[in-house]
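Okay, here's what each chain looks like letter by letter:
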Amino acid sequence: MASGHRSILIAGAGATGLAAALELARRGFLARIVDSDAGPVPLTESRALGINARTLTLLSPSRVTDTILQEAQRIAHFRIVSKGRLLADIDTTRVPGPYSAIHALAQGHTERLLLGKLSDYEVAPEWQTAVETVSGDLSKPRVTLRKADGSVEAADFDIVVAADGAHSAVRRAVGIGFPGQALESSFYLADFRYAVPIDPGFAEISLFDPGMIGRLPVTRDVLRYISTLPDFESRIQHPAPVAERVWASDFRIHFRHVAMMARGNVFLAGDAAHIHSPAGARGMNLGIEDACWLAWLISEGREREYAGLRMPAVKTVLKQTHQLTSLITMKHPVAIAIRNLAVPLLLRIPAFRQKLLHGVSGYDTQSPPWIDGAL
Ligand SMILES: Cc1cc2nc3c(=O)[nH]c(=O)nc-3n(C[C@H](O)[C@H](O)[C@H](O)COP(=O)(O)OP(=O)(O)OC[C@H]3O[C@@H](n4cnc5c(N)ncnc54)[C@H](O)[C@@H]3O)c2cc1C
């Protein structure tokens, strides 16, 4: 079927929208992609860091994986520490397949790698172009776009991909709800650059009574600390002299997902369809996975199957991140004591450790049938 001639609009040029555009382009479907911002997220203000093995598999046909592997830090160990005592040290390289479970690369960097590859197909986002409304018969949605100069364009598309993030204007316009809950407590993060290179090869979580501080590599001389404790910066044990605090932020965690990931020919992907805690580093990875599945289904003329195929993956990831978040946000002293005893014991059981690593790798969702030998 000559579906390559269908007109496709992608709303949002974050990781999800860019992955959708790239996966479509390499199959000959040149989509229009618009974003309300002026460019990709700044390199120093990256929310997502973790890139899992499933994403590396999905981005291998476009060869973006090759460049990610050159630029990213491989996280070879994941440590859990409580009161200076090492509770567990998990070797994250011991997973099946060609990639270790997780690498770290700032989201802004990943987006620029996707943009670079997309330019090979002469596709570029139209920045400062916002989707304002989606209306009409959703089998041929009418989209209104507002541009930087204030002008408005209305156009009809065969397919609209909503990759416009958690506050998705497209989702609202087509009347899809975003039910779920917000956690009461806030999370805090700070990125520090050190005067000398540090060991970027491991991630660590330090448990307190209550609260936690996670330590993740960003580059060879930048570490991210993420915490449930407002005063966490005073508790950080820096591995080297600090050169500068690069970025700090705080955020509330929501667990939400749409009931249906499509309405007519409008398809929701990434944060527009689901949001959850960063525990497990799944959000951007899941969005890229949505994008790759949707692009494949569109190229096969089977996009009607998208919503049904993706919802189990969304529910799996929300459940996993909810469980991990409950573990790290415990407040009751008895529950904390039990957790600190149980976690090291459980992690000594090979089947339990493998299940955890399977999830961190992103292998707990359906494997992509279009990639030979994919896990
Ligand atoms: C602290 C933190 C840490 C995280 N760590 C990880 C991690 O390690 N690994 C991981 O996988 N995920 C992580 N995440 C989650 C990850 O950041 C998100 O899941 C990811 O950014 C979602 O990508 P997206 O492209 O779907 O949405 P977004 O990144 O939000 O992109 C949406 C795009 O749409 C554009 N847009 C918005 N409205 C419009 C409009 N009306 N018209 C046109 N364009 C519009 C925006 O400008 C934006 O560019 C983390 C999140 C947080 C908060």
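Note that the coordinates shown come from a computational prediction; the quantities given were computed from them, not determined experimentally.

Undergrad: Give me the overall build of the chain: which residues, what numbers.
TA: Along the chain, the regular secondary structure elements total nine helices and 19 strands. On C-alpha atoms alone, the chain measures out to a radius of gyration of 21 Å, which is about the 21 Å that the 2.2 N^0.38 rule sets for 375 residues. Principal-axis analysis of the C-alpha atoms places the extent of the chain at approximately 60 × 45 × 40 Å. A burial count over the chain gives 51% of its 375 residues as buried. Taking contacts inside the chain between residues at least 6 apart in sequence as the whole, the part at least 24 apart equals 71%. Of the roughly 16,100 Å² of accessible surface on the chain, 54% is carried by carbon and sulfur atoms. Averaging the locations of the 40 positively and 37 negatively charged side chains of the chain gives two centres separated by 7 Å.

Undergrad: Now, about the site of the ligand: what can you tell me, with residues and values included?
TA: What surrounds the ligand is a group of 30 residues, the closest being Asp35, Gly50, Gln107, Asp271 and Met284. Met284 is positioned with one of its backbone polar atoms (N or O) 2.7 Å from an oxygen atom of the ligand. Asn285 places a main-chain nitrogen or oxygen 2.9 Å from an oxygen atom of the ligand. In isolation the ligand has 1,000 Å² of accessible area, and contact with the protein removes 86% of it. If you tally residues by element for the shell around the ligand, the top one is helix α6 (residues 283–299), at three residues.

Undergrad: Kindly report on the sheet that holds strand β1 (residues 8–11), identifying the contributing residues and their values.
TA: With respect to topology, five strands assemble into an open sheet ordered β2-β1-β11-β18-β17, the strand pairing being mixed. Sheet topology places β2 (32–34) and β17 (262–263) at the edges, where each strand pairs with a single neighbour. When β1 meets β2, the two strands line up parallel, connected through three bridges. Within β2, the residue paired with Ile10 across the bridge is Ile33. Of the strands in this sheet, β1 and β2 are in contact with helix α1 (residues 15–25), which crosses β1 at around 155°.

Undergrad: Now, about the environment of Phe267: what can you tell me, with residues and values included?
TA: Structurally, Phe267 is set in strand β18 (residues 266–268). Looking at Phe267, the relative accessible area reads 1%, which means it is buried. Put simply, Phe267 and Ile159 are 108 residues apart on the chain and 7.8 Å apart in space, counted from C-alpha to C-alpha. In contact with Phe267, other than residues within four places in its own chain, are Ile159, Val160, Val161, Ala162, Met261, Ala262, Leu294, Glu303, Arg304 and Tyr306.

Undergrad: Go over a nonpolar patch on the surface with me, naming the residues and quoting the values.
TA: On the surface, Leu346, Ile349 and Phe352 cluster together to form a nonpolar patch covering roughly 230 Å² of accessible area. As for its placement among the helices and strands, Leu346 is situated in helix α8 (residues 333–347).

Undergrad: I'd like a rundown of the UniProt feature "domain: FAD-binding" (unreviewed entry) in the chain, residues and numbers included.
TA: As recorded in UniProt, the feature "domain: FAD-binding" (unreviewed entry) lies at residues 8–191 and 234–299. Secondary structure content for residues 8–191 is 23% helix and 33% strand, while the C-alpha to C-alpha distance between its ends is 38 Å. The distance from the first to the last C-alpha atom of residues 234–299 is 52 Å, and the span holds 26% helix and 35% strand.

Undergrad: Outline α1, listing residues and values.
TA: With 11 of 11 residues buried, α1 lies mostly within the body of the structure. Within α1, burial applies to Ala15, Thr16, Gly17, Leu18, Ala19, Ala20, Ala21, Leu22, Glu23, Leu24 and Ala25. Those residues of α1 that are buried lie in contact with β1, β2, α2 (53–58), α3 (64–71), α4 (107–119) and α6.

Undergrad: An account of the pairing of strand β10 (residues 152–156) is requested, with residue identities and associated values reported.
TA: Bridging between strand β9 (residues 142–146) and β10 involves five bridges; their strand directions are antiparallel. Opposite Leu145, over in β10, you have Glu153 as the bridge partner. Linking two consecutive strands that pair antiparallel, namely β9 and β10, is a turn of five residues; a positive phi of about 90° is found at Gly150 within it.

Undergrad: Account for the side chain of His274, naming residues and giving values.
TA: Residue position: His274 is located in strand β19 (residues 274–275). Only 2.6 Å separates the side chain of His274 from the side chain of Asp290, close enough to count as a polar contact. Leave out the neighbours within four places in its chain, and His274 touches Phe178, Arg256, His257, Met261, Leu286, Gly287, Asp290, Val314 and Leu318.

Undergrad: I'd love a proper account of the nonpolar core, names of residues and values included.
TA: Of all hydrophobic cores here, the largest spans 103 residues; its most connected members are Ile8, Ile10, Ile68 and Val131. No other element matches the 11 residues that α6 contributes to this core. Leu223, Tyr225, Leu229 and Ala240 belong to the second largest nonpolar core, which has 11 residues in total.

Rules of the game
Residues numbered from 1 in each chain as written. Predicted model: local features only at pLDDT ≥ 70, side-chain atom pairs only at ≥ 80, totals over all residues. Heavy atoms only, no water. Helix = DSSP H or I, 4+ residues; strand = E, 2+ residues; numbered from the N terminus. Rg over C-alpha atoms; globule rule 2.2 N^0.38 Å. Buried < 20%, exposed > 50% of the residue type's maximum accessible area, 1.4 Å probe, protein only. Contact = heavy atoms within 4.5 Å. Areas by Shrake-Rupley, 256 points an atom, 1.4 Å probe, with all protein chains shown as cover. Lys, Arg positive; Asp, Glu negative; His and termini not counted. Charge placed at Lys NZ, Arg CZ, Asp CG, Glu CD. Near = heavy atom within 4 Å. Polar contact = N/O pair within 3.5 Å; in protein donor to acceptor, adjacent residues only side chain to side chain. Pairing = 2+ DSSP bridges. Axes fitted to C-alpha atoms, helices over the stretch in contact; angles between N-to-C directions. Patch = residues over 30% accessible without salt bridge, like charges linked within 9 Å, V, L, I, M, F, W, Y side chains within 5 Å. Salt bridge = Lys/Arg side-chain N within 4 Å of Asp/Glu carboxyl O. UniProt positions renumbered as here; feature names shortened; annotations may be inferred. Core = buried A, V, L, I, M, F, W, Y, C linked by side-chain atoms within 4.5 Å.

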